[in-house]
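Take a look at the letters that make up each chain.
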Amino acid sequence: MEFNHIPVLLDECLEGLNIRPDGIYCDGTAGGAGHSREIAKRLDGEKGGRLVAIDRDPEAVKTATERLAGYPATVVRGNYSEIDEIFERLGISGADGILMDLGVSSYQLDNAERGFSYHNDAPLDMRMSGEGLSAKDVVNGYDYQSLARIIFEYGEEKFSRSIASKIIKYREQKPIETTMELAEIIKSAVPQKARREKNPCKKTFQAIRIEVNKELEHLNIALDKAFDCLNVGGRLCIITFHSLEDRIVKEAFNRRLDPCTCPKEFPVCICGKKPVVRVITRKPIVPDAEEIEVNPRSRSAKLRIAERV
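Keep in mind that this is a model prediction, so the values were computed, not measured.

**Q** Any chance you could explain unusual backbone geometry here in plain terms?
**A** Of note in the backbone geometry, Ala-33 takes a positive phi value of approximately 70° without being a glycine. Position of Ala-33 among the secondary structure elements: in the loop between strand S1 (24-27) and helix H2 (34-41). For Ala-33, a relative accessible area of 1% translates into the label buried. The phi dihedral of Lys-214 is positive, around 50°, even though this residue is not glycine.

Next up, the structure:
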C-alpha cells in the first residue's frame with residue numbers, strides 16, 4: 001500500500017514558517033513527506049539550507065527518504081520529543097523553523113493492518129512506531145479504573161465507565177484481539193440514541209491510540225525542546241486535530257508569551273522574566289471549505305504559530 005497523506009494547511013504552514021533558502025528547518029512528523037518535500041523545494045543546499053525530517057514510523061521513514069532524495073534533506077527515525085538529541089547528533093545548533101503535524105496519517109488509518117481504524121477488521125495494534133505497548137495490551141491488560149480514566153481523559157467520552165465495564169466483562173471470556181471486536185463492545189456500551197447520532201467508537205479508539213503512543217507526554221516534552229532548539233526569529237508551526245492537543249499547544253505558547261511568575265496582586269513585575277515568543281496566530285488557522293471538500297480529514301485541523309524572540 002502506497003504511503004499517501006495529503007498535507008493539511010500546506011500553504012498556511014509554508015507561509016507561517018517564513019522559509020529562507022539558506023535556513024535550517026525541521027519537520028518533526030514527516031509522514032509521507034507532503035509538508036517536508038514542499039519545505040525542501042524552497043531550500044538551497046549550496047547556501048546552507050537544510051531540512052531534517054523526523055518520524056517514528058519506519059514505513060514513513062522509508063517513504064520520506066525516497067521522496068526527499070535529491071533535496072537538501074536528512075531523514076531520521078525518531079520521535080519529535082528527541083529533537084534536541086537529533087540536532088546534536090547532526091551537528092545542528094538551531095533551527096529557523098519547526099513544523100509538527102500531530103494527526104494520524106491517512107496511510108496509518110487506511111492500512112487496516114495497523115489497527116488504527118474502527119471501520120476495518122484487523123489486529124488491535126495502533127503503534128505508530130511498530131514497537132512497544134500495543135492497543136491489544138492496553139485493552140486486555142489495564143484494570144477498570146485505568147481504562148475508564150483513559151477513555152474519559154483522552155477520548156472525552158461521557159460513557160467511559162460503561163465502556164470500560166463492558167471491556168472487562170468481555171475479556172473475562174476471551175482476549176479482545178481485533179478492532180471489530182472492540183468496536184462492537186463499545187457500541188454495546190452506549191445508548192442507542194448515541195449510536196444513531198455518530199459512530200460511538202471514535203472517542204475510545206482515539207483514547208487508546210493516545211495511550212499506546214504516549215502522544216500527550218511526547219507533545220509536552222517536544223514543545224519544551226522545540227522552543228529551545230529555535231534560533232531567534234525562528235518559527236514553530238503546530239497542527240492539532242483534537243481539543244486535548246490544541247489546549248496543550250495554546251497553553252505552551254501563552255506560558256512563553258507571559259512567563260511572569262509574580263503574584264497577580266503585585267503592581268509591577270519583579271521576577272524579571274521576559275516573553276520568549278511572539279504568538280503569530282492569536283486565533284488558530286483552520287482549513288477553508290475548499291480544502292475540507294478535497295480532504296475531509298482536515299476538518300478538525302488547527303494551526304498555531306509562534307516565533308522565538
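**Q** Sorry, what's going on with the sheet that holds strand S3 (residues 73-77) here?
**A** Strands belonging to one sheet form pairs held by backbone hydrogen bonds; the direction of such a pair is parallel or antiparallel. Overall, mixed pairing links the seven strands, which are arranged S3-S2-S1-S4-S5-S7-S6 in an open sheet. Looking along the sheet, the strands with just one partner apiece sit at the ends: S3 and strand S6 (277-279). Taken over all neighbouring pairs, the strand axes of this sheet differ in orientation by 15° on average, direction set aside. Bridging between S1 and strand S2 (residues 50-55) involves four bridges; their strand directions are parallel. Note on S2: the bridge partner recorded for Cys-26 is Val-52. Packing against the sheet, helix H1 (residues 10-17) makes contact with S1, strand S4 (95-101), strand S5 (230-240) and strand S7 (302-308), and its axis sits at approximately 165° to S5. Those strands touched by helix H4 (residues 83-90) are S1, S2, S3 and S4, and its axis lies near 135° from that of S2.

**Q** Is there a simple way to explain the pattern of salt bridges in this structure?
**A** For side chains of opposite charge, pairing can occur when their charged atoms come near one another. Enumeration over the complete set of coordinates arrives at 23 salt bridges. Among the ionic pairs, Glu-131 bridges to Arg-77, the shortest N-O distance being 3.4 Å. Taken together, the positions of Glu-131 in the loop between helix H5 (106-110) and helix H6 (135-141) and Arg-77 in strand S3 put the pair 54 residues apart, joining distant regions of the chain. Of the charged contacts in the structure, one is a salt bridge between Glu-184 and Lys-187, with a shortest N-O distance of 3.7 Å. Of this pair, Glu-184 and Lys-187 both sit in helix H9 (residues 179-189), three residues apart, roughly one helical turn. For Lys-187, a relative accessible area of 28% translates into the label partly exposed. Several salt bridges share partner residues, and in doing so they unite Arg-20, Asp-22 and Asp-96 into one network.

The rules behind the values
Residues numbered from 1 in each chain as written. Predicted model: local features only at pLDDT ≥ 70, side-chain atom pairs only at ≥ 80, totals over all residues. Heavy atoms only, no water. Helix = DSSP H or I, 4+ residues; strand = E, 2+ residues; numbered from the N terminus. Buried < 20%, exposed > 50% of the residue type's maximum accessible area, 1.4 Å probe, protein only. Pairing = 2+ DSSP bridges. Axes fitted to C-alpha atoms, helices over the stretch in contact; angles between N-to-C directions. Contact = heavy atoms within 4.5 Å. Salt bridge = Lys/Arg side-chain N within 4 Å of Asp/Glu carboxyl O.

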